[in-house]
Amino acid sequence: MPIRTATARWEGNLTEGSGTIKTGKGGYQGNYSFKSRFEEGEGTNPEELIAAAHSGCFSMAFSKGLADAGFTPASVETTAKVHLDKGDAGFGVTRIDLETVGNVPGIDEGTFQKIAEGAKENCPISRLLSPGAEITLKATLA
C-alpha cells in the first residue's frame, strides 16, 4: 500500500504567524493561522482536515458495507464535526460527530443503521481516532 504524505510550513509566532498545508499529490493546498484554528478566521486548520479525512473514509466504508450486503447506494454524503476542546492537559480533539445521509434503494431502516454503525466502527480513520475521541453517528436514510 502507498504511504500518504502532507506538508505543513509555519512562519512566525503562534498567534501572529501563518502557514500553509499541502497534500503530497497536490490535491489540496491551503493557508492556516491561529485565527483559522481557534477563532473564525480565513483558511483551514488541522481539525477541519481531520473532519475531511474522516467524512471521506466513512463514506467509502459505508458504501463498501452497503455493496457487500447487496445494496448499491445512489449516494452517501457525510459531514464530520470535529470538537477541539481545552481540558486540564491543554487542547484536544474530544468528539467527532458523523452525520450521514444515504440514498440507498431497496434497503430497510434497520439494515441501513446496522451497516452505518459497522462503517463507523471499522473505517480506518475511525479506528485511528476512537481511542482518544468519542465518535457519534446520526445516519439518515433518504
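Residues numbered from 1 in each chain as written. Predicted model: local features only at pLDDT ≥ 70, side-chain atom pairs only at ≥ 80, totals over all residues. Heavy atoms only, no water.

Draft legend 1. Quick peek at the pattern of salt bridges. Per the stated rule, a full pass over the model turns up seven salt bridges. One salt bridge in this structure joins lysine 64 and aspartate 68, with 2.5 Å as the shortest N-O distance. Taken together, the residues lysine 64 and aspartate 68, both in helix H2 (residues 46-68) and four residues apart, mark about one turn of the helix. Residues participating in the shared-partner salt-bridge network are Glu117, Lys120 and Glu121. (Salt bridge = Lys/Arg side-chain N within 4 Å of Asp/Glu carboxyl O. Helix = DSSP H or I, 4+ residues; strand = E, 2+ residues; numbered from the N terminus.)

Draft legend 2. Structural detail: the sheet that holds strand S5 (residues 90-103). Spatially, the three strands line up as an open sheet ordered S4-S5-S6, and their pairing is mixed. The open sheet terminates on both sides in strands that have one partner only, identified here as strand S4 (75-87) and strand S6 (134-141). For this sheet, the mean inter-axis angle between neighbouring strands, taken without regard to orientation, is 15 degrees. In the packing of H2 onto the sheet, contacts are made with S4, S5 and S6, and the angle to S4 comes to roughly 145 degrees. Across the sheet, helix H3 (residues 109-122) is in contact with S5 and S6; its angle to S6 comes to roughly 150 degrees. (Pairing = 2+ DSSP bridges. Axes fitted to C-alpha atoms, helices over the stretch in contact; angles between N-to-C directions. Contact = heavy atoms within 4.5 Å.)

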